[in-house]
Amino acid sequence: MNELDQKINKYFPGLVVRKDLVKTVKGNAIVPTYVLEYLLGQYCATSDEASIKTGIDTVKEILRKHYVHRNEAGLIRSEIARLGRLKVIDRIGVDFNADKGLHEATFANLGISKVLIDADTVKKHKKLLVGGVWCIADIEYSPSEDKGVCPWILSSLKPIQLSHFDFESYVDARQEFTTDEWVDLLIQSIGFNPGMFGKRSKLTQLIRLIPYCERNYNLIELGPKGTGKSHIYSEFSPHGILISGGEVTVPKLFVNNSNGKIGLVGYWDCVAFDEFAGKQKRVDKALVDIMKNYMANKSFSRGVETLGAEASMVFVGNTQHTVPYMLKHSDLFCELPDKFYDSAFLDRIHFYIPGWEVDIIRGEMFSGGYGFVVDYLAEILRSLRNHDYSDRYKEHFSLSSDISTRDRDGINKTFSGLMKILFPHGEASREEIEELLRFAIEGRKRVKDQLMRMDSTYGDVRFAYHGSNGASIPVTTLEEEEYPNYYHKVIIEGEDGESLEATQPDRLLVPSKPPAPVEPFLKEKHLTFQENQKGISYDFLLGPYLKGAAMITVTDPYIRLFYQIRNFMEFLETLVKQKASDEEVSVHLVTTEDEFKGEQQKENFEKIKESASALGVNFTWEFDNTGTIHARHIVTDHGWKISLDRGLDIFQHYEMNDAFTFANRLQQYRPCKAFEVTYIKT
């Protein structure tokens, strides 16, 4: 275990589990993660390897004996009849039989229905009535001569979820972790390796948890396939339900007027709509209208009666086009069904997760470290719904007066949710609060900016906040920084119905991707880049300043690991593009020797030297192991010093071994880490 895993086990004993164990025990059992982790939490919530091995065997045996596979349902029913009684793990739903005045259970995988269940059990576990709940149940078989009597008897039932938890202990233990450690613990709890994500990407993942800890939170995420958009809502918590966007009806979601039965919003903390995008989907306009009212006012009407609910609403769907394409031809909501492509509906959204920033899930992104048993975290998040952290920024910051009440609500709810998740003890530094506030503003701004493109009645809003000194600090979205000439265009309809493009007034338009400098001379400057920003390459950053140099010295202590050495090789490629074929350039690297793989590091440098010499680049290097080199910079003999705060390590993780991905082949398609670069004339 690494240091963080040891710390996690120390302060949360018995409440954490090694995340790679889920795959080990799952086999072909199609059960949610929280069901498997519930069992793992019973038998494997330890750091002792022997106990873990024994626990895995126990969990596998429980699944083998008691989990009901659909294709083996007949065999299990026969076994119950032979033995008289058997414990099963299945998804159980309950309906009320009005004719008989009784509640009847249905076992989804076992394939039996009309099983009597007592009213007290249903009252205690109301979610049985809507969507069903995964349970461990004892089922008996008692045949009767009366064909109207169900032979199946439910003798006991226990929903698979945590029975209790101590919130105060959770808060106390949180204070033993730094903010970065806590973020990594939460990312591991979701199942991901935090080392594969930057800070912004981690926050994006954690935004997906807000619907569980914030009442009536409306979230949308649109992006490419395969980014794990629906995982959090299908398998993470027993308090959330994922339904197909095409299967939603007013009675199912809100209330059935024929029998008065309350729908999903009355029983679940989070209702998520999968496959929400798609222009061809048929949507009931009445459903959109009642959703508008619910998302704005937390209530819906049933005849003359108005009912309230607390369920958060999440909409996830796949996009078919790139971001610049959507911005050029329409907007970032263009994939939605026509009935939902409604400015009044979309104005209820509190945050738009930019799904195009989320990496497609790859095998190495999953965690092998320790994280919370997801059911424990789900209960913590649910208890946080009773708290309000929306005012925690007001001691240091205030929102611009331009921001409307609805925009403020969205920003405040997102900020409150992030504070609950990251700082449940309420203690955060001014800088940490500012980071969350900016992120919350950006997510709501993304919604509002698209509404202004869709509907001209929405006025231009300046999304900014003020510090204690009164200075106004503007907030932009990342795609606004990457594609400003598309972002600040609005689509208007001409007299003949043709779509025309116009630019929003008072906007400075610059190219969407940073081109090579065109000024006749190079100049001193300082550039700052956001995390996940694309369109950046060594050719753009460094190329013009390397041209004409005969001697270049690169000082970077982190040219040791394979991907770092590959970065250096790509730096040399940029240099080769800039120099004339009849010129020779000397490049000297000052770095540190890898403690464990120094010989491999030297071998790689030798290969680079041999390859570069054939192209007129004389490569040499030296190791400085004194621990005194920290600054990372590039110095040329023709008068320039380029200071890079991250050195050449400016890119996020990407699929380095896949020769068929553009991120591998072209730097401008890789998301960046946050970094700064300064050009100094020497």
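Remember, it's a predicted structure, so these values are computed and weren't measured experimentally.

Caption draft 1: The arrangement of the overall build of the protein in detail. The helix and strand inventory of the protein stands at 25 helices and 28 strands. Computed over its C-alpha atoms, the radius of gyration of the protein comes to 29 Å, within 12% of the 26 Å expected for a compact globule of 682 residues. Counting across all 682 residues of the protein, residues that qualify as buried make up 53%. A separation of at least 24 residues holds for 73% of the contacts in the protein among residues at least 6 apart in sequence. Accessible surface computed for the protein: about 30,800 Å², of which carbon and sulfur atoms make up 49%. In the protein, the 83 positive side-chain charges and the 98 negative ones have mean positions that sit 4 Å from each other.

Caption draft 2: Just the environment of Pro-424, in detail. As for its position among the elements, Pro-424 is in the loop between α17 (405-422) and α18 (430-454). Remark: the alpha-carbon pair of Pro-424 and Arg-174, spanning 250 residues in sequence, is separated by 7.8 Å.

Caption draft 3: Up close: the sheet that holds strand β18 (residues 464-466). A sheet is described by the order of its strands in space; here 3 strands give the open sequence β17-β18-β19, paired in antiparallel fashion. The sheet terminates laterally at β17 (398-399) and β19 (472-474), the two strands that pair on one side only. The pairing of β17 with β18 spans 2 bridges and is antiparallel. Note on β18: the bridge partner recorded for Ser-398 is His-466. On top of the sheet, α18 reaches β17, β18 and β19; it is set at about 150 degrees to β18, its chief contact.

Caption draft 4: Quick peek at the pattern of salt bridges. Inspection of every chain in the model, using the stated rule, returns 44 salt bridges. Linking Asp-347 and Arg-406 is a salt bridge whose minimum nitrogen-to-oxygen distance equals 3.3 Å. Within this pair, whereas Asp-347 is found in the loop between α15 (343-346) and β15 (351-354), its partner Arg-406 is found in helix α17, the two being separated by 59 residues in sequence. We note a salt bridge from Glu-479 to Arg-446, for which the minimum N-O separation is 2.5 Å. With Glu-479 in helix α19 (residues 478-482) and Arg-446 in helix α18, the pair connects residues that are 33 residues apart, well separated along the chain. Pair check on accessibility: Glu-479 and Arg-446 agree, each one buried. Bridged by salt links that share partners, the residues Arg-200, Glu-357, Glu-442, Arg-446 and Glu-479 form one connected network.

Caption draft 5: Spatial organisation of the sheet that holds strand β27 (residues 640-644). One open sheet accounts for 7 strands, arranged β22-β28-β27-β26-β23-β24-β25; its pairing is mixed. Each having just a single partner strand, β22 (525-529) and β25 (617-623) make up the two edges of the open sheet. Put simply, the sheet's adjacent strands are angled 15 degrees from each other on average, direction ignored. Lying on the sheet, helix α24 (residues 598-613) is in contact with β24 (585-591) and β25; it crosses β25 at an angle near 160 degrees.

Caption draft 6: Geometry of the nonpolar core. Judged by nonpolar contacts, the single largest core of 91 residues is most densely connected at Phe-12, Tyr-170, Phe-372 and Leu-422. Excluding anything up to four places from it in sequence, Phe-12 contacts Tyr-170, Ala-173, Arg-174, Phe-177, Trp-182, Leu-185, Phe-372 and Tyr-376. The next biggest cluster of nonpolar side chains, apart from the first, holds 75 residues, and it includes Ile-92, Val-94, Ala-105 and Phe-340.

Caption draft 7: Looking closely at the side chain of Asn-532. Its location among the elements puts Asn-532 in the loop between β22 and α21 (538-541). Note on Asn-532: relative accessible area 4%, which makes it buried. Side chain to side chain, Asn-532 and Glu-357 meet in a polar contact 2.9 Å long. Polar contacts involving the side chain of Asn-532 include one to the side chain of Gln-652, which spans 3.3 Å. In contact with Asn-532, other than residues within four places in its own chain, are Arg-200, Ser-201, Glu-357, Leu-478, Glu-482, Gln-652, Pro-671 and Cys-672.

About the criteria used
- Residues numbered from 1 in each chain as written.
- Predicted model: local features only at pLDDT ≥ 70, side-chain atom pairs only at ≥ 80, totals over all residues.
- Heavy atoms only, no water.
- Helix = DSSP H or I, 4+ residues; strand = E, 2+ residues; numbered from the N terminus.
- Rg over C-alpha atoms; globule rule 2.2 N^0.38 Å.
- Buried < 20%, exposed > 50% of the residue type's maximum accessible area, 1.4 Å probe, protein only.
- Contact = heavy atoms within 4.5 Å.
- Areas by Shrake-Rupley, 256 points an atom, 1.4 Å probe, with all protein chains shown as cover.
- Lys, Arg positive; Asp, Glu negative; His and termini not counted.
- Charge placed at Lys NZ, Arg CZ, Asp CG, Glu CD.
- Pairing = 2+ DSSP bridges.
- Axes fitted to C-alpha atoms, helices over the stretch in contact; angles between N-to-C directions.
- Salt bridge = Lys/Arg side-chain N within 4 Å of Asp/Glu carboxyl O.
- Core = buried A, V, L, I, M, F, W, Y, C linked by side-chain atoms within 4.5 Å.
- Polar contact = N/O pair within 3.5 Å; in protein donor to acceptor, adjacent residues only side chain to side chain.

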